[in-house]
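Observations on chain architecture
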Amino acid sequence: MPLRLLTVLILCLPAWNLAAVLVTAVEGDARREGQPLAAFATLEPGAAVQLPAGASIRLADTERARQGRWEGPATLRIDAGGIRAEGRQTERSALPGAIRAALLRAPANLAKVAELDDDLPSRLISARLTQARQQYQRWRTQFAADDVAPELYLLDVQLAARDGLGIQATLAEMARRQPRNTQLARLSAHMVSLNLAMSPGDPGAQLEVKPLLTP
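Residues numbered from 1 in each chain as written. Predicted model: local features only at pLDDT ≥ 70, side-chain atom pairs only at ≥ 80, totals over all residues. Heavy atoms only, no water.

So, the pattern of salt bridges
When the charged atoms of two side chains lie near each other, side chains of opposite charge can form a pair. Scanning all chains against the criterion turns up 17 salt bridges. Here Arg176 and Glu173 are joined by a salt bridge, their closest N and O atoms 2.7 Å apart. Of this pair, Arg176 and Glu173 are both found in helix H6 (residues 164-177), three residues apart, which corresponds to roughly one turn of the helix. Judged by relative accessible area, Arg176 falls into the exposed class, the value being 54%. Salt bridges sharing common partners tie together Arg140, Glu151, Glu173, Arg176 and Arg177. (Salt bridge = Lys/Arg side-chain N within 4 Å of Asp/Glu carboxyl O. Helix = DSSP H or I, 4+ residues; strand = E, 2+ residues; numbered from the N terminus. Buried < 20%, exposed > 50% of the residue type's maximum accessible area, 1.4 Å probe, protein only.)

Next up, the structure:
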């Protein structure tokens, strides 16, 4: 490939590809350019986050497959090299490949949940979902209590399979782990409001049928 063409392609790449940083948890008054910062926002190169005393934030650097948690007072800056912090980092860990991929899709996945309606199957039974739940349980023991990265992985698989009650349970668990997260509370309530009815699932999938309730 000619050098000039390669240079043009690199310049056209979005900033997300250079430093994909996702906010996965916020406590207290975290701010970006003076505006309140909430969980599941994405931070592009050039962004700066201010944490006052008593506030904390967890960031996932998906470009480098690692994450960390910082406590205020602190200032964090995002650049092409990743996260630059002036302040106390209290956690640091690597991100497994499947969780990293799910975090990249997390903002879009949460937007999809908000658009789900009652045509979802109530429960799908498949080997892939069973394996995902087993992997989730293993990862759940390795992550902090308020870190919903394992749930975001499970949600990613459940959305692809259209596992209605699975999605509902995962959103409820995420909301429980981050009780101050209004977005998760809203999405969890939305899933409950669907009152999921049975409908045909994916081809070849088995459905667990609810028993009929008699008055």
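Some points on the packing of helix H5 (residues 149-161) against H6
In contact at an axis separation of 9 Å, H5 and H6 are set at 160° when each is read in the N-to-C sense. When the axis of H5 is compared with that of H6, the two are roughly antiparallel. The crossing of H5 and H6 is left-handed. In this structure, H5 uses Glu151, Leu152, Leu154, Leu155, Gln158 and Leu159 to contact H6, whose residues at the interface are Gly166, Ile167, Thr170, Leu171, Glu173, Met174 and Arg177. Along the lines of polarity and charge, the residues of the contact of H5 with H6 split into seven nonpolar, three polar and three charged. (Axes fitted to C-alpha atoms, helices over the stretch in contact; angles between N-to-C directions. Parallel < 35°, antiparallel > 145°, perpendicular 65-115°, else oblique. Left-handed = near helix turned anticlockwise from the far one by under 90°. Contact = heavy atoms within 4.5 Å. Nonpolar A, V, L, I, M, F, W, Y, C, P; charged D, E, K, R; others polar.)

So, the side chain of Asp163
By the element assignment, Asp163 lies in the loop between H5 and H6. Beyond its immediate stretch of four places on either side in the chain, Asp163 contacts Pro121, Ser122, Arg123, Leu124, Leu129, Arg133 and Gln158.

What to know about the environment of Trp70
Within the fold, Trp70 resides in strand E7 (residues 66-79). Accessibility expressed as a relative area gives 5% for Trp70, which makes it buried.

Here we look at the packing of H6 against helix H7 (residues 182-193)
Orientation of H6 relative to H7, taken along the N-to-C sense of each, is 150°, at an axis distance of 9 Å. Comparing their axes, H7 and H6 come out roughly antiparallel. Crossing handedness for the pair H6 and H7: left-handed. When H6 is examined against H7, the residues Gly164, Ile167, Gln168, Leu171, Ala172, Met174 and Ala175 are found in contact with a partner set consisting of Leu184, Ala185, Leu187, Ser188, Met191 and Val192. Residue composition of the contact of H6 with H7, by class: ten nonpolar, three polar and no charged.

A look at the pairing of strand E1 (residues 21-27)
With five of seven residues buried, E1 is to be regarded as a mostly interior element. Taken together, the two bridges between E1 and strand E4 (residues 42-43) define a ladder with antiparallel strand orientation. By the bridge assignment, Leu22 is partnered in E4 with Thr42. (Pairing = 2+ DSSP bridges.)

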